[in-house]
Each structure stands twice: as structure tokens, then as C-alpha cells.
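Understanding the architecture of this molecule
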Amino acid sequence: KAGVTQTPRYLIKTRGQQVTLSCSPISGHRSVSWYQQTPGQGLQFLFEYFSETQRNKGNFPGRFSGRQFSNSRSEMNVSTLELGDSALYLCASSPGRGQNEKLFFGSGTQLSVL
Amino acid sequence: AQSVTQLGSHVSVSEGALVLLRCNYSSSVPPYLFWYVQYPNQGLQLLLKYTSAATLVKGINGFEAEFKKSETSFHLTKPSAHMSDAAEYFCAVSDRGKSTFGDGTTLTVKP
């Protein structure tokens, strides 16, 4: 089985722009979660989608949004980028059937905001 | 609300020495606990998870963790460190689709 695929791997944007990140989960997985990882804040939960519906949401401003398609692929969008949005954005997938499921992570998208 | 505290942001051991990475959790419900490892420029990989079937959980690469409810702890250990164990380790607690991670512990292994 192919793993979780995130594209692009690296991204450079300037303040005020918007960006869209993509995540393809493992085949058969219906839950996709997004995390922001920074040296100062660690791993912060952004949101989780299951069957095209946002099931959980972290404490991020409305500039951060996401969606999930019928094939379980997910996109995350950040509008009006700020310098502080520079981070590694990780996507993780799981079957989504239980609470004790492990997460399968992609390699992440490294976003740099200049 | 659930939370995880990892004691020690950096741990350094000699090759062949015992590895002990500490994790304490707070959860209002029976916890679903995990340890993940992250190598440079990569995503996280699961090392092991607590399933309530046994308090001592064995994972990959010789790691294991012991769940102690009375101490609300889930410390990660490995009897003998290898150079390839150098990485960042995260303890996590999961509740209804949302995982909360600790701040991570960077393990350095000295030759």
C-alpha cells in the first residue's frame, strides 16, 4: 500500500498570499488530520476530516481551513499568510473507525513565509 | 481535556546505555496513548500504542513502554541505545479523533 502523500514538499510564499496544501491518505482510510509543527509550539492539531465532514477542530484562526473530497483526499488552505505560519504541515490518515487508531503520517509540507 | 507532558526536551545517552523517555498524561477518560518517532525531514512513525490489554507494551526497534495508571505515566524505554535511535520522540494521547502531542524529546546517542 502506498503511504500518505503530501504535496508539495516545499513551498515558499510571501506575506499576504494564500496557499493550498494537498494530502492523499492511505487507500481505505477515511480520516485525515492536519497538524502544524514549529520549533516553538511543537505539534499543534489543526483539524480532522472524516467522510468529507470536519469532525474535530483545533484552536487556529479562520484563515486556516480545509476540506475533504469523496475519495478521502484532503486539502488545507491558509489565506493571508503571516510570517508565523512558517512551519512543517503534517497530514495523517487513519481508518477512522475507532478511538485507538494509530496515525499514519506523511512527510509533510515545509512552508516558508517571507 | 486531555494533555501530555514530556519531561526533558533533550536526552543524551551513550551507545549501549538504557534509554528512558518520560511521559505523563492527563485524560478525563481511559487514555489511548501512543509513542511516535520522527527522524529528520520526515513525518512521524508509530513506535507503540497502549491498548489496555497489557500494561507493558512492546513496540518496534526494541522499544517498550509501561502504562502506570496510579502515576498517570507512559514512559518509553529501550535497554540498549543504538546510534540509529537518535531522533525526536513524541508521546500522544488520543480522544475521539483528536490526538494531542507532547512537546517532544530529542534523543542524542553518543558513540
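Residues numbered from 1 in each chain as written. Chains lettered and ligands numbered in written order. Predicted model: local features only at pLDDT ≥ 70, side-chain atom pairs only at ≥ 80, totals over all residues. Heavy atoms only, no water.

All names here are of chain A. One open sheet holds the 4 strands; their spatial order is 1-3-8-7, and the pairing between them is antiparallel. At either end of the open sheet lies a strand with only one pairing partner, and these are strand 1 (5-7) and strand 7 (64-68). Each strand axis lies, on average, 20° off the axis of its neighbour in the sheet, ignoring direction. With 5 bridges joining them, strand 3 (residues 19-24) and strand 8 (residues 74-78) adopt antiparallel strand pairing. (Pairing = 2+ DSSP bridges. Helix = DSSP H or I, 4+ residues; strand = E, 2+ residues; numbered from the N terminus. Axes fitted to C-alpha atoms, helices over the stretch in contact; angles between N-to-C directions.)

In this section: the pattern of salt bridges. Following the criterion strictly, the structure yields 7 salt bridges over all chains and no others. The partner of B:E64 in a salt bridge is B:K58, with the nearest N and O atoms 2.8 Å apart. Look at B:E64 and you get partly exposed, because its relative accessible area is 22%. Measuring nitrogen to oxygen at the nearest pair gives 2.8 Å for the salt bridge that ties B:D85 to B:K78. The residues B:D85 and B:K78 share a single accessibility class, namely buried. One salt-bridge network, in which partners are shared between bridges, spans A:R63, A:E82 and A:D85. (Salt bridge = Lys/Arg side-chain N within 4 Å of Asp/Glu carboxyl O. Buried < 20%, exposed > 50% of the residue type's maximum accessible area, 1.4 Å probe, protein only.)

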